[in-house]
Amino acid sequence: MALVSVIIPTFDHQDTLRTAIASVQQQTLSDFEVFVLGDGAPARTAEILAEISAADSRIHYLPQAKDKRHGEVYRDRLIRQLTSPYITYLADDDLWLPQHLETLVAALQHAAFVQTLFLDVAVDGVPYNLLHNLNSPLLRPQMQARVLTGGGYGLSATGHSRQAYLDLPEGWTTTPVGYYTDIYMWAKFACAGVAAASVLRPTAVHLGAPERQADPPAQRIAELQTWLHRLRQPDVQQQLAEEIFYSPYLLLEHVNLSSLTGLDDLLAQHQIQLVEGDRLPDLTSLTANDMSLANLWLTASQREALELQVLSRLGRVSPEARVERWRHLVDQCPSQGRWRLELGRSLAQSGDWQGAEEVMRSTQPAEQRMIGAVCLHAEAIAHLGQPQAAEALLHQRAQRSPLHVEIIASQAEIKILAEHWDDAIALLEASIQHDKKLKVPLLHRLAELHRRRPDLPSMIQAYERIVALNPNDPRALLGLGFDYYAQQRNEDALEMLGRALQFNPYSINAYLHQCWAAGRLGQWFQVQAAAVAGLALAPEHPILSTQLGIALLRLGEVAEAIAAFDIALQHDAPPLSAYIGRAQAAERLQHWPHVTAVATAGLANFPQNVTLLTLQATGQFNQQHYDAALQVLHRAIALDPTRPYLYRLICNAFLKLDLEDQAKIIAQRGLFYSPHDPHLRQIVNAGIEILDV
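Cut-offs applied
Residues numbered from 1 in each chain as written. Predicted model: local features only at pLDDT ≥ 70, side-chain atom pairs only at ≥ 80, totals over all residues. Heavy atoms only, no water. Helix = DSSP H or I, 4+ residues; strand = E, 2+ residues; numbered from the N terminus. Expected span 1.5 Å × (residues − 1). Buried < 20%, exposed > 50% of the residue type's maximum accessible area, 1.4 Å probe, protein only. Arc of directions from axis to C-beta. Contact = heavy atoms within 4.5 Å. Polar contact = N/O pair within 3.5 Å; in protein donor to acceptor, adjacent residues only side chain to side chain. Salt bridge = Lys/Arg side-chain N within 4 Å of Asp/Glu carboxyl O. 1 Å grid on protein atoms, 1.4 Å probe; cavity = no way out; pocket = protein on both sides within 12 Å on 5 of 7 lines; lining within 4 Å. Points joined across faces, edges and corners; volume = space filled by probe spheres on them. Nonpolar A, V, L, I, M, F, W, Y, C, P; charged D, E, K, R; others polar.

*Asks:* Tell me what's going on with helix 8 (residues 217-231), and back it up with residues and numbers.
*Replies:* With 15 residues, helix 8 extends 21 Å between its outermost C-alpha atoms, agreeing within 8% with the 21 Å of an ideal straight helix rising 1.5 Å per residue. For helix 8, the full list of buried residues reads Arg220, Ile221, Glu223, Leu224, Trp227, Leu228 and Leu231. Angular distribution of buried residues about the axis of helix 8 spans 160°; they occupy a single face of the element. Away from its buried face, by an angle of more than 90 degrees, helix 8 presents the exposed residues Ala218 and Thr226. Where helix 8 is buried, its residues touch helix 1 (17-25), strand 5 (94-96), strand 6 (113-121), strand 9 (196-206) and helix 9 (236-243).

*Asks:* I'd love a proper account of the side chain of Asn609, names of residues and values included.
*Replies:* With respect to the element layout, Asn609 can be found in the loop between helix 30 (592-605) and helix 31 (610-622). We classify Asn609 as buried; its relative accessible area is 16%. Polar side-chain contacts of Asn609 include one of 2.9 Å to the backbone nitrogen of Leu612. Setting aside residues up to four positions removed in sequence, Asn609 forms contacts with Leu576, Ile580 and Leu603.

*Asks:* So, the pattern of salt bridges: which residues are in play, and what are the values?
*Replies:* Inspection of every chain in the model, using the stated rule, returns 27 salt bridges. For the salt bridge of Arg80 with Asp76, the shortest nitrogen-to-oxygen distance reads 3.1 Å. Note that Arg80 and Asp76 are positioned in helix 3 (residues 72-81) at a spacing of 4 residues, about one turn of the helix. Where Lys188 meets Glu170, a salt bridge forms, and the shortest distance between an N and an O atom there is 3.0 Å. A residue pair is termed long-range when its members are at least 10 positions apart, and Lys188 in helix 7 (residues 181-191) and Glu170 in the loop between helix 6 (162-166) and helix 7 qualify at 18 residues.

*Asks:* Give a detailed account of empty space enclosed by the protein, specifying residues and quantitative values.
*Replies:* Inspection of the entire model under this criterion finds 4 cavities of 30 Å³ or more. Approximately 70 Å³ is the volume attributed to the largest cavity. Around the largest cavity, the lining residues are Phe113, Asn133, Leu134, Ser136, Leu139, Arg140, Met143, Ala190 and Ala196. Grouping the constituent residues of the lining of the largest cavity by class yields 6 nonpolar, 2 polar and 1 charged.

Here it is, written out as structure tokens:
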């Protein structure tokens, strides 16, 4: 019985199997066996495996007929037949560093489900990692709901104990369309509460097929062999650790941004701690504790790049400072293509398309450049008035990656710049129909295109198509919630927003829309609940405080409503509804000086608001300041002559001043807009009496 069983699923990458298996054979831990699991693989796969297994008895080939999706049921069947205590996986076109199995087995002494750093290497050779931690209390619920993107959770970086797998209610099964196969399985470990750990050191390399879709087998093999040779070098793990571009996207997507102070706070919330030193710590130091914390080693430049991404997302770095800081990093290491791309994006976002074009310009052929860099360069060229050159550049890169989402999206963007919206939509729709793997990301792009146009019904349709494929997609659920609200479909909006918040409970905008939709339906307890939930994330949010005040006022909790409105009014730019609500609360208590004072303060910011003018006049009237009230009311009538209440109040002021004829004239004017108003008609018919205001 081997200590570790390595499962390599394969379908049509028979040419890359040699390098994948060779990377297993060069492991520092040699007590393993390899099972290549064919899922309808061609006959040549058997020929290659026969040759490899003849030279190494640890390698086995298990051919199977093509199953649905990726033959997940075959993996389940195999694991139940194995006897090795540890199970690991390797994609048929990925590579392992020599320390991979040694690292996983060391970590599996402390946890039953483990992942190492999974490096996605672009065609320019720069390794990229979507930073995460399996033990993060914020990411685990997202893992359980299967709503995480696949980038950092690759098959080839994962290992688990066989016993933990057997203890699951369900193992590998056919994955529904719309979900990543590996994440769908990893979610089962998370749902079962299996002890998990992340070892944040590079051990798995992925030369992504989407960037290399059209590479002939010889070119693909040559690149893999180059990397295989590099991975044999004695200090390669340290070198790769220093080259990684870390993205904090996943960490930022699932955290309360309103309370986040910076990078250190972000890492702490996800239970990641930075370790000191000039080099990667040795493996024993990383696995010496219970591994509840994931240890991350960074160079000073990597920390700067990671921190800059966080501060940019939080809006705590000016556009000018952002450009200069990325430029400084690029000057330090011109070969770091990801830093150069971020510099270009920063220039583009500040409107400097000329600067972005200069930064992204390259003497390399497009097919040898990272897709993100080519797309940004093309968009910069298009913004500078050369759409044909931009399209030619994208076409050149598309020869190598004909169905890459970013290329398709950039091609659509260039059509939009030329106001060819229908052509852009047709391009996205054709791509969606062509490749089912791209349906969800391209539908998101399509929804965003319709948002920009804007075309609300088509945007809703795009989001509904996403939810039909993946019912738990939080972005689509959120988009539907906002769009249903815009269509006055308030009950549908509440349903979608509630579902979205189950997966991402940190969207302040979702809580706001819940308040507004529930308010339209008169569901004041639900408005109160949504506002309270949002204020738990952003305690001084002026609009949420206002919504809480409105709900409490409608529920008769006047004192509590006043407290909520007062919090909103302490903001530098209080919302209009906070002034109105606070004045109405004072009106309920008949605190007329407060009504007048709050309305007057609101009018300093919203001088044309008729409701505030009406409240100001009401306060003045009830303090017997009739002349002042009349002046305000005449301003209000000039802005909106259709409100019966204004005419009643003016009539009352005239009657208080014994100006009955004036009162009749105003009442007659009011009847023009409200011919059935009994109070105004009573005044016109000489039945003079002071009206209740």
